[in-house]
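Coordinate analysis (summary)
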Amino acid sequence: MITLIISKIMAPTMKIKFLSKREINSLVEKLIAISLISDTPKIKQIKSFELNDEIEIFSSSNFILVRNQDELFPFLQDSDTISSLPKIVVDKGAIPFVCKGANIMRPGIKELPDNFSKGDLVVISEEVHDQNIAIGKTLNSSEELLVLDKGMVIQNLHFVGDYVWNSCKELNLSLND
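Small disclaimer: the values here were computed from a predicted structure and weren't measured.

Points about the side chain of Ser-141
Looking at where Ser-141 falls in the secondary structure, it is placed in the loop between strand 10 (132-138) and helix 5 (142-147). By relative accessible area, which is 15% here, Ser-141 ends up buried. Leave out the neighbours within four places in its chain, and Ser-141 touches Phe-116, Ser-117 and Lys-118.

So, in structure tokens, the structure goes:
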């Protein structure tokens with residue numbers, strides 16, 4: 001069944017494999033280093049979906065993560081992992097732009113409920129329904145952002161409806177896989 005889905009939706013070069021114990025330990029070390037997980041969970045199995053040369057999805061019972069080139073970040077529907085990230089709230093006018101891949105501009109930010117440093121991963125949420133719509137990487141610290149009036153402040157890494165989002169949906173990935 002998965003082969004049928006892959007041939008219809010994904011690039012024909014997609015590779016699916018299970019990570020070795022050494023690869024799992026290396027990935028867990030990276031996750032701890034970037035504060036995506038705080039303790040060392042017992043992870044027995046991680047499945048890797050290499051969508052293309054740049055994008056890989058890691059799925060386990062503990063998380064769903066995405067590697068896009070050198071960036072490693074959680075999948076938007078991995079609420080447990082995302083809950084460890086600082087949050088940024090954008091106004092409703094920013095939503096259609098963010099959900100088409102636009103980077104986040106300072107005027108679109110409505111609220112900064114959490115502190116963060118330059119280069120941190122953040123979850124972008126919309127103000128009306130408090131739904132997570134994107135994962136980004138900050139270009140400024142929260143303190144710097146407070147004094148800015150304009151400009152790009154967050155690089156959009158992953159958003160609702162992007163290639164990764166649709167790939168995870170087509171592969172029926174969930175935290176129980």
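Comments concerning the sheet that holds strand 10
With respect to topology, six strands assemble into an open sheet ordered 7-11-10-9-6-8, the strand pairing being mixed. Looking at which strands have only one partner, the edges of the open sheet turn out to be strand 7 (104-105) and strand 8 (109-111). Across five bridges, the pairing between strand 9 (residues 121-126) and strand 10 is antiparallel. Within strand 10, the position partnered with Val-123 by the bridge is Ile-135.

Some thoughts on unusual backbone geometry
Positioned with a positive phi, Ser-35 is a non-glycine residue whose angle comes to about 65°. If you trace the backbone, Ser-35 turns up in the loop between helix 2 (21-33) and strand 2 (47-50). Backbone geometry at Asp-130 places phi at a positive 55°, although glycine is not the residue there. Position of Asp-130 relative to the elements: it lies in the loop between strand 9 and strand 10. In this structure Asp-130 comes out as partly exposed when scored by relative accessible area, which is 45%.

Points about the nonpolar core
Across soluble globular proteins, nonpolar side chains show a tendency to be buried alongside one another. Counting residues in each nonpolar core, the largest one holds 34 residues, and the members touching the most others are Leu-27, Leu-31, Ile-46, Ile-57, Phe-58 and Phe-63. The set of elements that each furnish at least two residues to this core consists of helix 2, strand 3 (55-59), strand 4 (64-68), strand 5 (71-74), strand 9 and helix 6 (163-170). The greatest single-element share of this core, amounting to four residues, is contributed by helix 2. Formed by 15 residues, the second largest nonpolar core is a distinct cluster that contains Ile-104, Ile-109, Val-122 and Ile-124.

Structural notes on the pattern of salt bridges
Inspection of the entire model under this criterion finds four salt bridges. Close ionic contact of Lys-137 with Glu-71 constitutes a salt bridge, the shortest N to O distance being 2.9 Å. Separated by 66 residues along the polypeptide, Lys-137 in strand 10 and Glu-71 in strand 5 bring together distant segments of the chain. On the basis of relative accessibility, which here comes to 24%, the residue Lys-137 falls in the partly exposed class. With a shortest N-O distance of 2.6 Å, Asp-130 and Lys-87 are connected by a salt bridge. One end of the pair, Asp-130, is in the loop between strand 9 and strand 10; the other, Lys-87, is in strand 6 (residues 87-90), and 43 residues separate them in sequence.

Examining the sheet that holds strand 3
Spatially, the five strands line up as an open sheet ordered 1-2-3-4-5, and their pairing is antiparallel. Each having just a single partner strand, strand 1 (15-18) and strand 5 make up the two edges of the open sheet. The mean angle between the axes of side-by-side strands here comes to 20°, regardless of whether they run parallel or antiparallel. Bridge count between strand 2 and strand 3: four bridges; the pairing is antiparallel. For Ser-48, the partnering residue across the bridge sits in strand 3 and is Phe-58. Packed onto the sheet, helix 6 meets strand 3 and strand 4 and runs at close to 45° relative to strand 3.

What counts and what doesn't
Residues numbered from 1 in each chain as written. Predicted model: local features only at pLDDT ≥ 70, side-chain atom pairs only at ≥ 80, totals over all residues. Heavy atoms only, no water. Helix = DSSP H or I, 4+ residues; strand = E, 2+ residues; numbered from the N terminus. Buried < 20%, exposed > 50% of the residue type's maximum accessible area, 1.4 Å probe, protein only. Contact = heavy atoms within 4.5 Å. Pairing = 2+ DSSP bridges. Core = buried A, V, L, I, M, F, W, Y, C linked by side-chain atoms within 4.5 Å. Salt bridge = Lys/Arg side-chain N within 4 Å of Asp/Glu carboxyl O. Axes fitted to C-alpha atoms, helices over the stretch in contact; angles between N-to-C directions.

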